[in-house]
Amino acid sequence: MNQDSTQDAHTQGMPTQDGRGSAPDAGDTAGGAPHATPSRARRVIDQIMQDASERERAIFSQRTFGDEPILRTGADLRREREATPPAPGATTTPAAPAATPTGTGTAGAAGTHPAPLPGASGREERAALRRAARAELPPRPRPTHDDALRQRSWLDELDAPLDADGPSSGWPYDGWSWPHPDVAPAHPRQGARKASARTGSNLPQTLRELRQLETEPQPNGTRLTGVSLFVAQARLAASYEDDSAPSPFGVRYRYSVSYRDLSDEELRGYFAWRTAWRAHREDRIPYTYGHILAAELVNGIGAEPGMPCLQELVRLRDRATELDADGMSSGLAFDARRWIRDYAVLHNLPAELATTADERAFAQAVATLRTAERAVLCETGARDLTPKDMPAHVPTDADVWKAMAALSSYNVERSPFLRNNPQSAAAVGAAVFRALARHCGKRRKTNLVDGLVGWESNVGWFPFPDLPCTLPKELPSPTYRIDACTRVTTLAGRWFIRRGYEHAGKSRDLGRILRAMDRQMREDWDDPRTLKPRPLAKYLEKIIVQASAEQRQRELEAESRKITIDLSKLGGIRAAAATTREALLVDEEIEDEPAATTAPAPSSPAPTASAPMAHPVHAGEKNAAPSVANPTATDGTTATATSPASPNPVAAENGQTPCDLDFLELKVIARVSEGKPFSDLLGPGKPMASVLVDSINEKLFDELGDTAIEYVDGEPRLVPDYVEDVRDICGL
């Protein structure tokens, strides 16, 4: 009896499904025996079971979908049973509810698992309650075979390339949304996607026929592909014009493209753009459309082969370059230059049309320097060269200097010293180049010109690699010279292109050499406009100093032996001779002279016979100068004051300004350095502010090597790096 009471009390104290145990009050007894207080271990276990039950209930509720906000748990079922009044004649036991018959309880709803016994543990009780809750949910529908096929189809679309997106392509989603399985595409397989996307049902008749060429078999049973397909389609639509509105969809960038790669919207948009291009009404050049147009031209479609087609390609390049400058193009000008070159080679057109004037000038400069370098190496015997390998024509100093200026990043035309002394600059520049060529030929593995513009190369030539076109089997000419350094040749049925350089840009290394040469020559020639020194290799500095000093010494020696004849003084010499002759004539000879030929006597007393003989030339110059400068003046003082050889009183009084700046420019620099406006200094008869600033920058460029005044928010300001230098130069 006591054991049964203890068992009932223990059963009532067990935790329920939600982990909360029904702890009896202190006064309750079972079978007259007092109930023992739960131990500390029992309370800890009950708390753990309660927390675990709440977590499981939350997870289970989040993973389940239904009409109710949350599923009923075992605790809810127990509370519902307790709240429901018992049927008449039915008896219940609060401590241990009777087992529910199969088919009437929650366990019976599952059909396989009976309800837990009163003495079951908490885990078994919770498992039974979960099974009962799941049994009350409607069964989840299983996917059918059609659903599985539909799901595989849109997954296949994700793996397919994006070649035919758009409203008419059957694509199951737009450009920025994720596809939904319920949206079934028109084509279930990836291989049939392009065919269904290019049915051409909404295209004009010509474009529908163009699409049919992609799928229709030829009489021999094969289909057109590659270049043959593109040429056939291009000839079919050679004269087609489309005046439809441009497509709202953007054109994707494609490098090697044909009609087959375009969607229906892009295809019609291209012919609408080509119609505007032929009518000179285009406002943009999409990269993809430019490639297709060039492919048509090189295949002789849209223009006659030869010069008319090349002119259209030149027009495409010029228009793309113009739009590139405006920021509206897609970088098509670079490819167009290569297409023009390849087309000129394949059709043996004039080489002047294959490249631009700047490219030809650059190539000529490289060829000149390579010839001059080879001559130096032959003289020194470097690189296994001998005097027998000397080139037939060796460039002169002027040619070498012109080539160095063309390849240098330092603009020698902006240097007033080099511009005013071209012969000296050419001599020093050629000497520096030859010294550097000898140095590199003996002590380095790379020649001088190779280090400046790159090595020569001879590689295979493949014209129009990005355009579908039919190429001839042979070139019209076995050797086609594009410029002085580039030519295309044929060898054993293959085409090769030989280039004389790798880098077509200005050389910064050569620019540093020419600037150092300019600075050293100004110092040796005592030019007041000096340049600041910059770091340079010791051997380079030694070569430049030596070449400049030797040229200066040669010029000084030549100037010392030079005899100068001033033809402007011949008139003065003749007048002095006439005056001396008159002074030496005696009275009898004067009377014999005709009166008309007698010269007026000078106002000063006649000199003695010995005085004119002592210095006849000086006396003649002193008295003859007034007859040239001022005929009415016969006084020696007037002649001295008005003589051209006399010093300028204005220049002597004002002094020499720095860098040839006038007083207005000095005032403007002072105002700009203080951040003050100088508009009050300008007015009628004065230059504009922009012209004045440009003049100041040009005169200060020799000292600074850069622009001194720049515009900031429309106002002229001194460059922060040169503020102190400008103030020192101008004495501010």
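For the structure, see preceding data.
Residues numbered from 1 in each chain as written. Predicted model: local features only at pLDDT ≥ 70, side-chain atom pairs only at ≥ 80, totals over all residues. Heavy atoms only, no water.

Trainee: Hey, could you run me through the pattern of salt bridges in this one?
Mentor: When the charged atoms of two side chains lie near each other, side chains of opposite charge can form a pair. Scanning all chains against the criterion turns up 24 salt bridges. Note that Glu 674 is salt-bridged to Lys 676, the shortest N-O span being 3.3 Å. A relative accessible area of 46% places Lys 676 in the partly exposed class. Within the structure, one salt-bridge network assembled from shared partners comprises Glu 282, Glu 312, Arg 315, Arg 319 and Glu 322. (Salt bridge = Lys/Arg side-chain N within 4 Å of Asp/Glu carboxyl O. Buried < 20%, exposed > 50% of the residue type's maximum accessible area, 1.4 Å probe, protein only.)

Trainee: Is there a simple way to explain the packing of helix H17 (residues 422–443) against helix H20 (residues 538–560) in this structure?
Mentor: Packing of H17 against H20 brings their axes to within 9 Å, and their N-to-C directions diverge by 140°. Accordingly, the angle class assigned to the pair H17 and H20 is oblique. You can see that H17 and H20 cross each other, and the crossing is right-handed. For the pair formed by H17 and H20, the contact residues are Ser 424, Ala 427, Val 428, Ala 431, Val 432, Ala 435, Leu 436 and His 439 on the first element and Tyr 539, Leu 540, Ile 543, Ile 544, Ala 547, Ser 548, Gln 551 and Glu 555 on the second. Its residues assigned to classes, the contact of H17 with H20 comprises 11 nonpolar, four polar and one charged. (Axes fitted to C-alpha atoms, helices over the stretch in contact; angles between N-to-C directions. Helix = DSSP H or I, 4+ residues; strand = E, 2+ residues; numbered from the N terminus. Parallel < 35°, antiparallel > 145°, perpendicular 65-115°, else oblique. Left-handed = near helix turned anticlockwise from the far one by under 90°. Contact = heavy atoms within 4.5 Å. Nonpolar A, V, L, I, M, F, W, Y, C, P; charged D, E, K, R; others polar.)

Trainee: For this particular structure, what's the right way to read the packing of aromatic side chains?
Mentor: Think of a pair of aromatic rings as described by two things: how far the centres are apart, and how the planes are tilted against each other in angle. Counted under the stated rule, the structure contains 13 aromatic pairs. Relative to Phe 271, the ring of Tyr 270 lies with its centre 5.2 Å away and its plane at 70°, an arrangement referred to as edge-to-face. The exposure class assigned to Tyr 270 is buried, which follows from its relative accessible area of 0%. Note on Phe 271: relative accessible area 0%, which makes it buried. Measuring from centroid to centroid gives 5.5 Å for Tyr 270 and Tyr 289, while their planes differ by 65°, and the two rings are edge-to-face. One end of the pair, Tyr 270, is in helix H10 (residues 264–278); the other, Tyr 289, is in helix H11 (residues 287–298), and 19 residues separate them in sequence. Each member of the pair, Tyr 270 as well as Tyr 289, is classed as buried. Ring pairing ties together the aromatic residues Phe 230, Tyr 240, Tyr 259, Tyr 270, Phe 271, Trp 273, Trp 277 and Tyr 289, which thus form one cluster. Of note, Arg 315 hangs over the ring of Trp 277, and the distance from its end group to the ring centre comes to 3.9 Å. In this structure, Arg 414 packs its charged tip against the face of Phe 701, placed 4.3 Å from the ring centre. (Phe/Tyr/Trp six-rings, centres within 6.5 Å; stacked < 30°, edge-to-face > 60°. Lys NZ or Arg CZ within 6 Å of the ring centre and 35° of its normal.)

Trainee: For this particular structure, what's the right way to read the environment of Phe 496?
Mentor: Among the structural elements, Phe 496 can be located in strand S6 (residues 494–499). The buried category is assigned to Phe 496, whose relative accessible area is 16%. C-alpha of Phe 496 to C-alpha of Trp 461: the two residues are 35 residues apart in sequence and 4.8 Å apart in space. Sequence-distant contacts of Phe 496, defined by excluding residues within four places in its chain, comprise Asn 458, Val 459, Gly 460, Trp 461, Arg 487, Val 488, Thr 489 and Leu 491.

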